[in-house]
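Understanding the architecture of this molecule
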Amino acid sequence: LKMATCDIPPGVVTGDNLVKLLAHARDNAYAIPAFNCTTSSSCNAVMEAGKKLNSPVMIQVSNGGGVFFAGKSCKDPNAAAAGSVAMALHVRAMAPYYGVPVVLHSDHCAKKLLPWFDAMLEADEAYFAQYGEPLFSSHMWTFLKSLMKKILQSVRSILR
């Protein structure tokens, strides 16, 4: 892998840099490994591996991972979102020091987890207002085809 020839800065990538990174991976026939993380140590280990291998990495947080990151004794209904945002802020703070591009991604979000998803989007918006880019690189929804009309309505309201 020749990341040095790729014009993508180290740290969390979003927007055009994310598109460039994915195109570089496609054009050079490599996959970007994705890791579900639950602690700052696991995030750091993933970024360290990326640095050692000179490879971009994807750090994912799931709803359960966000709860774990928040802490076992945190029983607040928003613990998953708070932990996910805390993980994202940790990765944002540390990723530039590892010298490789990092995709910061939320893992599968089913309909019942929409409050978690909405809270991450709110964090994206607040981060964007301050820094000009979203907190996360990307998010994943997992819905049944039968819910498509409702999904499209949700997407329209989010994009407004």
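Before going into details, it helps to say that this report is about the structure given with it. Remember, predicted model here, so these are calculated numbers, not experimental data. (Residues numbered from 1 in each chain as written. Predicted model: local features only at pLDDT ≥ 70, side-chain atom pairs only at ≥ 80, totals over all residues. Heavy atoms only, no water.)

We now examine the overall build of the chain. When helices and strands are counted, the chain shows six helices and five strands. What you see in the chain, going N to C, is helices and strands ordered as β-α-β-α-β-α-α-β-α-β-α. Partitioning the contacts of the chain with sequence separation of at least 6, the portion at a separation of at least 24 is 67%. Just so you have it, the chain exposes about 9100 Å², and 59% of that area is on carbon and sulfur atoms. (Helix = DSSP H or I, 4+ residues; strand = E, 2+ residues; numbered from the N terminus. Contact = heavy atoms within 4.5 Å. Areas by Shrake-Rupley, 256 points an atom, 1.4 Å probe, with all protein chains shown as cover.)

It is at 10 Å that the axes of helix 2 (residues 40–53) and helix 4 (residues 79–94) come closest, and there the two elements cross at 40°. The orientation of helix 2 relative to helix 4 falls into the category oblique. Read as a crossing pair, helix 2 and helix 4 show a hand that is right-handed. Contact with helix 2, carried on its side by S40, C43, N44 and M47, involves M87, H90, V91 and M94 of helix 4 and no other residues of that element. In the contact of helix 2 with helix 4, the residues fall into five nonpolar, three polar and no charged. (Axes fitted to C-alpha atoms, helices over the stretch in contact; angles between N-to-C directions. Parallel < 35°, antiparallel > 145°, perpendicular 65-115°, else oblique. Left-handed = near helix turned anticlockwise from the far one by under 90°. Nonpolar A, V, L, I, M, F, W, Y, C, P; charged D, E, K, R; others polar.)

In this model, helix 4 (16 residues) spans 22 Å end to end at C-alpha, consistent with the 22 Å of a helix rising 1.5 Å per residue. Buried within helix 4 we find A79, A80, A81, G83, S84, V85, M87, A88, H90, V91 and R92. (Expected span 1.5 Å × (residues − 1). Buried < 20%, exposed > 50% of the residue type's maximum accessible area, 1.4 Å probe, protein only.)

Now for the side chain of H105. Relative to the helices and strands, H105 is located in strand 4 (residues 101–109). Side-chain polar atoms of H105 contact the side chain of S138, separated by 2.6 Å. What H105 contacts, discounting residues up to four positions off in sequence, is M58, I59, Q60, V61, F136, S138, H139 and M140. (Polar contact = N/O pair within 3.5 Å; in protein donor to acceptor, adjacent residues only side chain to side chain.)

Right, let's get into the pattern of salt bridges. Evaluated as defined, the whole model comprises three salt bridges. A salt bridge links R26 to D27; the shortest N-O distance between them is 3.0 Å. Residue R26 is classed as exposed on the basis of its relative accessible area, which comes to 61%. Of the charged contacts in the structure, one is a salt bridge between E133 and R92, with a shortest N-O distance of 2.7 Å. Taken together, the positions of E133 in the loop between helix 5 (114–131) and strand 5 (138–141) and R92 in helix 4 put the pair 41 residues apart, joining distant regions of the chain. Using a relative accessible area of 12% as the deciding quantity, one classes R92 as buried. (Salt bridge = Lys/Arg side-chain N within 4 Å of Asp/Glu carboxyl O.)

Attention now goes to the packing of aromatic side chains. In total, this model carries one aromatic pair according to the counting rule given. Between Y127 and Y131, the ring centres sit 4.5 Å apart and the planes meet at 35°, which makes this aromatic pair tilted. Residue Y127 and its partner Y131 are both found in helix 5; the two are separated by four residues, about one turn of the helix. Residue classification places Y127 among the buried positions, given a relative accessible area of 14%. (Phe/Tyr/Trp six-rings, centres within 6.5 Å; stacked < 30°, edge-to-face > 60°.)

Let us now look at the side chain of S84. Topologically, S84 is positioned in helix 4. With sequence-adjacent residues up to four places away left out, S84 is seen in contact with V61, S62, G66, W116, M120 and F136.

Counting 24 residues, the largest nonpolar core has M47, I59 and V91 as its most contacted members. When residues of this core are traced back to their parent elements, those giving at least two are helix 2, strand 3 (57–61), helix 4, strand 4 and helix 5. For this core, the leading source of residues is helix 4, giving six residues. When sequence neighbours within four positions are dropped, the list of residues in contact with M47 reads I59, V91, M94, A95, Y98, V100 and V102. Judged by nonpolar contacts, the second largest core, of nine residues, contains V13, L18, A25 and I32. (Core = buried A, V, L, I, M, F, W, Y, C linked by side-chain atoms within 4.5 Å.)

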